[in-house]
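Overview (structure and organization)
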Amino acid sequence: MIAVRLTCWLVFVHIAGIYLFTRGFLLSRLALPNKSQPEYEQWTRFATHKRAVLLVIDALRFDFVSDHPPDPPSPNHHNILTLPRELTAAHPHHSFIFNAYADPPTTTLQRIKGLTTGSLPTFVDIGESFAGSSVQEDSLLHQVGNKVAFVGDNTWLALFPSFLDHNLSYPFDSFDVEDLHTVDSGVISHLPPLIQQSSEPWTLAIGHGLGVDHAGHRVGPDHPVMKAKLEQMNTFLGELVRIIDEDTLLVLLGDHGMDHTGNHGGDSVLETSSAVWIYSRGAPLSLSSSSLPPEILPMTTFPGERVPHRSIQQIDLLPTISLLLGLPIPFNNLGSIIPELFDRGDSSVRGALEVNAHQIKRYLDAYRASTSGGELDGVWSDLVNAWSEANDAPLNTRVSALFAFNRLSLSTCRSLWAQFSLTLMGAGLTVMFTSIVASYALYNLLGNSGEDREQQLENNFLTAFKVGALGSVVSGFMHLVVRSHLDGVHVHHLMFFGGALASSLTLVHTCKPRFTFDTIKSIPILLAIHTLCFASNSFTVWEDRIVLFLCLTSLVPSILIGFTAPTPRLRNRILGFSALFAICVRLMMLSTVCREEQHPYCAVTFYASSTSSAPPILALVLAPVMAVSIPHIIRHVLAVSKSDNGIAAVFLPWTTLAALLAGTTFWILEWIHSMEWAGDVGNVWLRNGRTAVASATMVLVIFGGLTFWSVAPVCLDIRRTGRPTIASTATETNEESPVLADPRLKSSHSDNPGSDTQVTLLGFANAFGSPYIVFWSIFLSVVWLCMQLTGQVVLGLFTVSLLAYLEIVDSVRDVRGLNVAFANGFPSAPGTSTAVFPSNLNLNPLTLKREVQFAEIVPLALLATHTFYGTGHQPTVPSIQWKTAFVLVSSVQFPYSQITVILNTLGPYFLAGVAAPLLALWNLPPLLPPSPPLAAKHQNVVLSVLRSCLGLSAYFNTLLLGSAAFAAGLRRHLMVWKVFAPRYMFTALEMGALDVGIVVGIWGAWRVRESIGRCLEWLARLV
């Protein structure tokens, strides 16, 4: 019952703190419901075309169409899609190429919103990438009405269901990144007939192909598959140019770019640089050869290129297309018209800019009058002055003044991403801090030796829940009084805050921790350093290297103890396992994925190259070896204490081995599939085959494995022989290890004259840890399946490191135990170095606590973070391995796709949470009890497990508080949305994954203790 109450409280306060801070730190953009009306402006004055074809090639980066690509050019994605530059050179007044800046986050759903509404997405909107809601604000499709033809990415249908759900729409699934051809083939086959048909008139035809984006995700931009896709798009583009009439405007664009590995989502130059080509077969878009003011024609140089190119904001397409079609500019638009397309030798550029500027001014006025209008207070005078200057400017400079006003409005509204609620942020930080203090109080209480601590914990939690519920209700009523003074704070915010704060403070009060100067000195220096790293953008950027140093440094105290160990065996074990741990940690560091800020001081090794998403050849070789080795390594470690019996003897060499091999086979088949060696028919078989392998593995491990394990989670081998005496022997790993003989067992059975059985228990020394490590291997298999091949190699090293560290901790405890024994004058047995303990010493581990020190928890926490980086991740959106969404399914399906991506990204933290009880259970040998009630027997072991889990949770909760506090304090920092905000968000996700792992681990530890207790009760009756 204590375990349930502790986990419920822990999860609640974590959710409350994260939710409150996040709501204050990442507020959503206010979308006004207003619609632009035709009567407001003479929208049709600048119309040149009656229809427009919008062809979106997903992830079409600017250099893919550039006439001066980077030097040296890539043979796989440069100088291939050449039709736009050929027509631009041949018809300079009809054809224009631009380098368009796509506002981050550079994900398709957010970019479609920006392209159609002219508005800016928020950072937190990226969470809608898997499932977007329909667009309600004014947009290009709202202005066109039902005269929209569509083929391609079904994300458009999710955003505009009322405009695309008719006979002119052919949506295709958008998230199957392994399918390079279906969507493109659909666009190629359906879009030309839609354009040419006349039975159902259309004003806007949209085609959205995904092959280039999917090729980037699967194999990277520098691969022959990418070349084939660009050649296909070039041919298709030529067909569109041939079939459109003179009244149709053709617009080609990429919704975003892609980085060197083919991924996107962040704000690097490669991800935000998208291609735009606008072509008119009929009327020229520009009639004038006169030059426009250079300040309204900004230029930019793409990385690696030597010639600057004309650059625009991607949202500039919306007002431009709207006016060229004679449509109203959508109300929320912040883009500015592209001047070249209105340069007709008269006042068209100035007139179009005036219409555009009036539309933006109406939007700003409406926003100013809204509930969020206070956000503009600090800059409103600047906007008003810019508007006055634009209106009062003479004709020869008015164009520049209007353009300057439009761009000032855009930059001002970009700052609305940083709408912060200091009240909610402060509430979240307060909840986080008090929960850490309460965790410290509970951690100390769980380490006390008082006999009544169990009852005290029960009473403390019961009181905390009652006070927390009361605090939540009172806070809800307080909202009626203070709501007029707290903008943006709702009743549920106050109820979360009141409940979490009241329960935490109650636990602090009832547990009565002692806070002294020694308490401050006892804070682990490594935890303090790790937390303070988040105060610096450079330290946060290089956290992967810092964690490596901290992880290795955390072993120093153990190594020092090893040098002073009283026996050669313990000294060799500590130093040997420390060396093994250090070697594995260093090898894990060889797998790297670099974030943009780390270049050029970082080289990508997780993939085959920095421009590929395929695994390196070495990973293809090592992953199967690691899959075969890990079960044998675990069993070998258990064999040292003769704990490789029972379920371990069957589960590890069969179930775990089969699951790990199946996970590796899946990714090898995925690699073969990505190489396109098998042809179309073979690829279908590969896709279906590996999906079947993954699904069968998941079912086998989760349902079959857990069921099989939970039936009898015991690794003991009980042997009975006929002897006249009764003994209970704890078999140790070496003859020099302590042999504990409990004389009470002899007396407890002396009344049974018929007892002539000697019982030998193999695996007794690690009776709790051995079945639990088998339990942990179940979840290792699940995460293994979701990791790519290089990540599997790193997970194998993580497993070896974990086993080595458990042996280090156990040996260090033995050293301390022997030192205490010798210090208390216990003699050694004749001829040995083994201490002989008096018979009146309480050695019953069913009442003995396993003291887990916080210093023992720190290396496990650092190892989890180190594994996160080693498995190909960074706390950035582009590092998310989206292809893992298709492990169990061929297209995005809720919840399977989301679960596998989460397991891939946060798996190391989940495994660390499940592994936390091992610090309390490893090599903990029970003795036969004099048969007290079963509930009393297992409670002390469970309390030790809770202490271990609580300590690990406190470590990451401290990191969460640090990342949140520094993100809040540096919220106006230039790098807040590039470095600090993503790190906070990932830390919050890590905390969630850890909590889930801890809950699973506590249940597993409880199940092990129940089974061991029943086994020992049966054995006691037997003898």
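None of these values were measured; they are calculated from a predicted model. (Residues numbered from 1 in each chain as written. Predicted model: local features only at pLDDT ≥ 70, side-chain atom pairs only at ≥ 80, totals over all residues. Heavy atoms only, no water.)

1. Quick word on the sheet that holds strand β8 (residues 299–300)
This is how the line gets drawn: Two strands are counted as paired when DSSP detects at least two bridges linking them. In this description a helix means any DSSP run of H or I spanning at least four residues, a strand means any run of E spanning at least two, and both kinds are numbered starting from the N terminus. Whether two residues are in contact is decided by their heavy atoms: any pair within 4.5 Å suffices. Geometry is summarised by axes, namely lines fitted to C-alpha atoms with helices restricted to the contacting stretch, and by angles between N-to-C directions that run from 0 to 180 degrees.
Pairing is mixed in the open sheet, where nine strands are placed in the order β4-β3-β5-β1-β6-β7-β2-β9-β8. Across the chains shown, the open sheet's two edge strands, defined by having one partner strand only, are β4 (169–172) and β8. In the packing of helix α2 (residues 83–90) onto the sheet, the strands contacted are β2 (95–101), β6 (248–253) and β7 (273–280), and the crossing angle to β2 comes to about 130 degrees. Of the strands in this sheet, β1 (51–57), β6, β7 and β9 (309–313) are in contact with helix α11 (residues 317–324), which crosses β6 at around 170 degrees.

2. Observations concerning the side chain of N356
Stated formally: For this analysis, a polar contact is any N or O atom pair within 3.5 Å, provided that within protein one partner can donate a hydrogen and the other can accept it, and provided that sequence-adjacent residues contribute only side-chain to side-chain pairs.
With respect to the helices and strands, the residue N356 is situated in helix α12 (residues 348–368). Looking at N356, its side chain comes within polar contact range of the side chain of N406, at 3.5 Å. With residues up to four places along the chain from it excluded, the contact list for N356 reads P319, I329, N333, G335, S336, I337 and N406.

3. So, the side chain of R398
Just so we agree on the cut-off: The cut-offs for exposure are 20% and 50% of the maximum accessible area for each residue type, with area from a 1.4 Å probe on protein chains only; residues under the lower value are buried, those over the upper are exposed, and the others partly exposed.
Relative to the helices and strands, R398 is located in helix α14 (residues 395–414). Judged by its relative accessible area of 19%, R398 falls in the buried class. A distance of 3.5 Å separates the side chain of R398 from the backbone oxygen of N391, its partner in a polar contact. When neighbours within four sequence positions are excluded, R398 is seen to be in contact with R350, E354, A390, N391 and A393.

4. Let's talk about the confidence of the model for the protein
Going by this rule: As a per-residue measure, pLDDT reflects the predictor's confidence and takes values from 0 up to 100.
With 89% of its residues at a pLDDT of at least 70, the protein reaches an overall mean of 87. Counting interchain partners and residues more than four positions distant, the pLDDT-below-50 stretch residues 126–131 has 16 contacts. This stretch, residues 931–937, has a pLDDT under 50; its non-local contacts, to residues over four places away or in other chains, come to 13 contacts.

5. Quick word on the packing of helix α24 (residues 617–640) against helix α25 (residues 647–674)
The following threshold applies: Angular relationships are summarised with four words: roughly parallel below 35 degrees, roughly antiparallel beyond 145, roughly perpendicular across 65 to 115, and oblique for the angles in between. The handedness criterion is simple: a crossing whose near helix is rotated anticlockwise from the far helix by less than a right angle is left-handed, and one whose near helix is rotated clockwise is right-handed.
For the pair α24 and α25, interaxial distance at closest approach is 9 Å and the crossing angle is 170 degrees. In terms of their interaxial angle, α24 and α25 are classed as roughly antiparallel. By crossing handedness, the relation of α24 to α25 is classed as right-handed. Facing L620, A623, P624, A627, V628, I630, P631, I634, R635 and L638 of α24, the residues of α25 in contact are A648, A649, L652, P653, T656, L657, L660, L661, T664, I668 and W671.

6. Quick word on the environment of L862
Looking at where L862 falls in the secondary structure, it is placed in helix α30 (residues 854–870). Measuring from C-alpha to C-alpha, the distance between L862 and C551 comes to 5.5 Å, with 311 residues separating the pair along the chain.

7. Things to note about the pairing of strand β3 (residues 148–153)
With six of its six residues buried, β3 lies for the most part within the structure. Taken together, the five bridges between β3 and strand β5 (residues 204–209) define a ladder with parallel strand orientation. Opposite V151, over in β5, you have G207 as the bridge partner.

8. Side note on the pattern of salt bridges
Note on pairing: side chains with opposite charge can pair once their charged atoms come close. Condition: The salt bridge definition used is simple: a Lys or Arg side-chain nitrogen within 4 Å of an Asp or Glu carboxyl oxygen.
Applying the stated criterion across every chain yields a total of 22 salt bridges. Put simply, R310 and E340 hold a salt bridge, and the shortest N to O gap is 2.5 Å. Here E340 lies in the loop between α11 and α12 and R310 lies in strand β9, a separation of 30 residues in the sequence. For E340, a relative accessible area of 13% puts it in the buried group. Taken together, the shared-partner salt bridges in this structure form one network comprising R218, E670 and K883.

9. Points about the pairing of β7
The side chains of a regular strand alternate between the sheet's two faces. Burial analysis of β7 places eight of its eight residues in the buried class, the great majority of the element. Judged by which residues are buried, β7 turns out to be covered on both faces: S273, A275, W277 and Y279 on one side and S274, V276, I278 and S280 on the other are all buried. Sheet topology note: the β2/β7 ladder contains seven bridges and is antiparallel. Bridge pairing links S95 to Y279 in β7. When β6 meets β7, the two strands line up antiparallel, connected through five bridges. From the neighbouring strand, L252 faces β7, where its bridge partner is W277.

10. As for helix α23 (residues 568–588)
Under the convention used in this document: For a helix, the expected span equals 1.5 Å multiplied by the residue count minus one. Arc definition: it is the arc formed by the directions from the helix axis to the C-beta atoms.
In a regular helix each residue adds 1.5 Å, so 21 residues correspond to 30 Å; α23 covers 30 Å between its end C-alpha atoms and thus fits that length. Considered for burial, the residues of α23 that qualify are R569, L570, R573, I574, S578, F581, C584, V585 and M588. For α23, the angular spread of buried residues about the axis comes to 155 degrees, placing them on one side.

11. A short note on unusual backbone geometry
Along the chain, D71 connects to P72 via a cis peptide bond; the corresponding omega equals 5 degrees. In this structure, P72 sits in the loop between β1 and α2. Backbone geometry places K512, a non-glycine residue, at a positive phi of 50 degrees. The topology assignment puts K512 in the loop between α17 (491–511) and α18 (517–521). We note that N923 has phi near 55 degrees; this positive angle belongs to a residue other than glycine. With respect to the helices, strands and loops of the structure, N923 is situated in the loop between α32 (918–921) and α33 (934–969).

12. Thoughts on the nonpolar core
Applicable threshold: In this description, a nonpolar core means a group of buried Ala, Val, Leu, Ile, Met, Phe, Trp, Tyr and Cys residues linked to one another through side-chain atoms lying within 4.5 Å.
Formed by 188 residues in total, the largest nonpolar core has its most connected members in F25 and F956. At 19 residues, helix α34 (residues 976–1022) tops the list of elements feeding residues into this core. Contacts of F956, omitting those with residues within four sequence positions, involve A861, A864, T865, Y909, M991 and L994. Membership of the second largest hydrophobic core comes to 74 residues, among which are I206, L253, L297 and L364.

13. Details of the packing of aromatic side chains
By convention here, two paired aromatic rings are described through the distance between centres and the angle between planes. To keep things clear, this is the line we draw: In summary, the pairing rule links any two rings of Phe, Tyr or Trp, Trp by its six-membered ring, whose centres are within 6.5 Å, and it sorts them by plane angle into stacked for under 30 degrees, edge-to-face for over 60 and tilted for everything else. The rule is short: NZ of Lys or CZ of Arg within 6 Å of the ring centre and within 35 degrees of the ring normal puts a charge over the ring.
What the rule picks out here adds up to 33 aromatic pairs. The interplanar angle of 10 degrees and the centroid separation of 6.4 Å between the aromatic rings of F96 and F98 together place this pair among those described as stacked. The exposure class assigned to F96 is buried, which follows from its relative accessible area of 13%. For the ring pair F779 and F910, a centre distance of 5.7 Å and an interplane angle of 75 degrees mean the geometry is edge-to-face. One end of the pair, F779, is in helix α28 (residues 769–786); the other, F910, is in helix α31 (residues 896–915), and 131 residues separate them in sequence. For F779, a relative accessible area of 12% translates into the label buried. By way of ring pairs, the aromatic residues W709, Y772, F775, F779, F910 and W1003 are connected into one cluster. Over the ring of W202 we find R51; its NZ or CZ atom is 5.8 Å from the centre of that ring. The aromatic ring of Y443 is capped on one face by R947, whose charged end is 3.8 Å from the ring centroid.

14. Examining a nonpolar patch on the surface
Formally: Patch membership requires over 30% relative accessible area and the absence of a salt bridge. Like charges are linked within 9 Å, and nonpolar side chains (Val, Leu, Ile, Met, Phe, Trp, Tyr) within 5 Å. Here the accessible surface of atoms and residues is derived via Shrake-Rupley with a 1.4 Å probe, and residues count as covered only by protein chains that are part of the display.
On the surface, a nonpolar cluster with roughly 420 Å² of combined accessible area is contributed by V473, F477, L480 and V481. Along the chain, the position of F477 falls in helix α16 (residues 453–482).

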